[in-house]
Amino acid sequence: MSTDLNVREQQAPPMEGRAGRFRLALPPEIAATLLAVSTVALGALLGVPTYGIFLGWAAAGLAGTGRPARLPVLARCLAIGAVFGAGTLAATSALESVLGPDLPQWVCAAAVLAVANPLMIMVGRAPALSSVPGMFIGFSTLFAVFLSTTAAISGNILAALLVTVSMNLTGLVFYVIYNRLTGRPRAERA
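Residues numbered from 1 in each chain as written. Predicted model: local features only at pLDDT ≥ 70, side-chain atom pairs only at ≥ 80, totals over all residues. Heavy atoms only, no water.

S.K.: What is the right way to look at the confidence of the model for the protein chain in this model?
M.R.: For residues with low pLDDT, the predicted coordinates do not support detailed interpretation. Averaged over all residues, the pLDDT of the protein chain equals 84, while 82% of them reach at least 70. Here helix α1 (residues 2-11) stands out as the element of the protein chain with the lowest mean pLDDT, 44, in contrast to helix α5 (residues 105-123), whose mean of 95 is the highest. Note on residues 1-15: pLDDT is under 50 here. Beyond four places in sequence and across chains, it has 16 contacts. (pLDDT = per-residue confidence, 0-100. Helix = DSSP H or I, 4+ residues; strand = E, 2+ residues; numbered from the N terminus. Contact = heavy atoms within 4.5 Å.)

Have a look at this one:
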């Protein structure tokens, strides 16, 4: 049965559009490559690291967002995870300044994470925020962006937050575009 699905994805037969017209579907390799190249071009044009787009796109694929109701949940969770990441950075910095330079930075980070991590998981109990892995992807993306070598973002929590959320959400849009370019029916997008 899994061979059947793989063959159907590889062949990508013409799909009937909304208006009853036929359209050709691109092979997944071509669609993904076009989007990947446009991601790199977008990052170069805006001067931001683009891996957040890939992470948002991958999160959508892993979350089974072929069901339309799941995409908004994932979008909220990616953003909330990034907010938790920004809060963790700010709280760690504040704790470091209160406790002084003699205490290793990792001790402050561990103390803050001991509070932030369970809070983030508890927030995920709400049905509208039920994608805890999405929160962790947003959280991790925030740290990667904050620690990037991009001069305008590196070390700036607010800039990192804005770039992270916009990149992760753009990744969700790329996921939708990928599905449309490949002509995958909604039933197969899980």
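Further notes follow.
S.K.: Is there a simple way to explain the nonpolar core in this structure?
M.R.: For soluble globular proteins, the rule of thumb is that nonpolar side chains tend to be buried together. Of all hydrophobic cores here, the largest spans 25 residues; its most connected members are Trp57, Ala60, Leu74, Leu142, Val145, Ala160 and Leu172. Taken together, the elements giving at least two residues each to this core come down to α2 (28-46), α3 (51-63), α4 (70-99), α6 (132-146) and α7 (157-182). Counting residues per element, this core draws most heavily on α7, which supplies 8 residues. Setting aside its immediate chain neighbours within four residues, valine 145 contacts Pro49, Tyr51, Ile153, Ala160, Val163, Thr164 and Met167. One finds Val73, Cys77, Val132 and Phe139 within the second-largest nonpolar core, a separate group that totals 9 residues. (Core = buried A, V, L, I, M, F, W, Y, C linked by side-chain atoms within 4.5 Å. Buried < 20%, exposed > 50% of the residue type's maximum accessible area, 1.4 Å probe, protein only.)

S.K.: I tried to follow the environment of asparagine 156 on my own but got confused; where do I start?
M.R.: With respect to the helices and strands, the residue asparagine 156 is situated in the loop between α6 and α7. Considered as a pair, asparagine 156 and alanine 86 are 70 residues apart in the sequence and their alpha carbons are 9.7 Å apart.

S.K.: Mind showing me how you'd approach a nonpolar patch on the surface here?
M.R.: Side chains of Val40, Tyr51, Phe54 and Leu55 sit close together on the surface and give an oily, nonpolar patch of about 320 Å² of accessible area. Here the element with the most residues in the nonpolar patch is α3; it accounts for 3 residues. With respect to the secondary-structure elements, tyrosine 51 resides in helix α3. Tyrosine 51 sits in the partly exposed class, given a relative accessible area of 31%. (Patch = residues over 30% accessible without salt bridge, like charges linked within 9 Å, V, L, I, M, F, W, Y side chains within 5 Å. Areas by Shrake-Rupley, 256 points an atom, 1.4 Å probe, with all protein chains shown as cover. Salt bridge = Lys/Arg side-chain N within 4 Å of Asp/Glu carboxyl O.)

S.K.: Which parts of the structure should I look at to understand the packing of α6 against α7?
M.R.: Geometry of a packed helix pair, given as the angle between the helix axes and the separation of the axes. Here α6 crosses α7 at 130°, and the two axes come no closer than 9 Å. The angle between α6 and α7 places the two elements in the oblique class. In terms of crossing hand, the pair formed by α6 and α7 is right-handed. Contacts between α6 and α7 involve Ile137, Gly138, Thr141, Leu142, Val145 and Phe146 on the former and, on the latter, Ile157, Ala160, Leu161, Val163, Thr164, Met167 and Asn168. A class-by-class count of the residues in the contact of α6 with α7 yields 9 nonpolar, 4 polar and no charged. (Axes fitted to C-alpha atoms, helices over the stretch in contact; angles between N-to-C directions. Parallel < 35°, antiparallel > 145°, perpendicular 65-115°, else oblique. Left-handed = near helix turned anticlockwise from the far one by under 90°. Nonpolar A, V, L, I, M, F, W, Y, C, P; charged D, E, K, R; others polar.)

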